[in-house]
Amino acid sequence: MTNHKEWSITCRDIAGRRRDLTVFVRQGRIVLVAPPGETAVLNPLDVGRLRAVLRDAVVDAARTQEN
């Protein structure tokens, strides 16, 4: 069993409904999962959160590749 971190960023779809973008690391690569069949609409604060989560995922991926 692989123990991996997962991050989530709240966003809206094109119709304004609340959705989540999910980020995790799999085999040393960053995986971004968008709402199925939807477009993620991010405000500037959400983009900042996404940037921070992606940075955390890159650090985690680098650790995974070292082990």
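In the block above lies the structure referred to throughout.
Residues numbered from 1 in each chain as written. Predicted model: local features only at pLDDT ≥ 70, side-chain atom pairs only at ≥ 80, totals over all residues. Heavy atoms only, no water.

J.: Looking at this model, I keep getting lost on the side chain of Thr 22. Mind explaining?
T.: Within the secondary structure layout, Thr 22 lies in strand S2 (residues 18-26). Leaving out residues up to four positions away in the same chain, Thr 22 has contacts with Glu 6, Trp 7, Ser 8, Val 31, Leu 32 and Val 33. (Helix = DSSP H or I, 4+ residues; strand = E, 2+ residues; numbered from the N terminus. Contact = heavy atoms within 4.5 Å.)

J.: Honestly, the sheet that holds strand S3 (residues 29-33) in this entry has me stumped. Any pointers?
T.: Strand pairing in a sheet is mediated by backbone hydrogen bonds. Such pairs are either parallel or antiparallel. Read across the sheet, three strands follow the order S1-S2-S3 without closing on themselves; strand pairing throughout is antiparallel. This sheet does not close on itself; its edge strands, each paired only once, are strand S1 (6-12) and S3. On average, adjacent strands in this sheet sit at an angle of 20° to one another, irrespective of strand direction. The sheet contact formed by S2 and S3 spans five bridges and is antiparallel. Bridge assignment links Phe 24 to a residue of S3, and that residue is Val 31. (Pairing = 2+ DSSP bridges. Axes fitted to C-alpha atoms, helices over the stretch in contact; angles between N-to-C directions.)

J.: Would you mind going over the nonpolar core with me for this structure?
T.: Proteins that are soluble and globular tend to have nonpolar side chains buried together. One finds Trp 7, Ile 9, Cys 11, Leu 21, Val 23, Val 25, Leu 50, Val 53, Ala 57 and Ala 61 forming the largest nonpolar core, which totals ten residues. Mapped onto this core, the elements with two or more residues apiece are S1, S2 and helix H1 (44-66). The element best represented in this core is H1, accounting for four residues. For Val 25, the residues in contact, after removing those within four places along its chain, are His 4, Lys 5, Trp 7, Ile 30, Ala 57, Asp 60, Ala 61 and Thr 64. (Core = buried A, V, L, I, M, F, W, Y, C linked by side-chain atoms within 4.5 Å. Buried < 20%, exposed > 50% of the residue type's maximum accessible area, 1.4 Å probe, protein only.)

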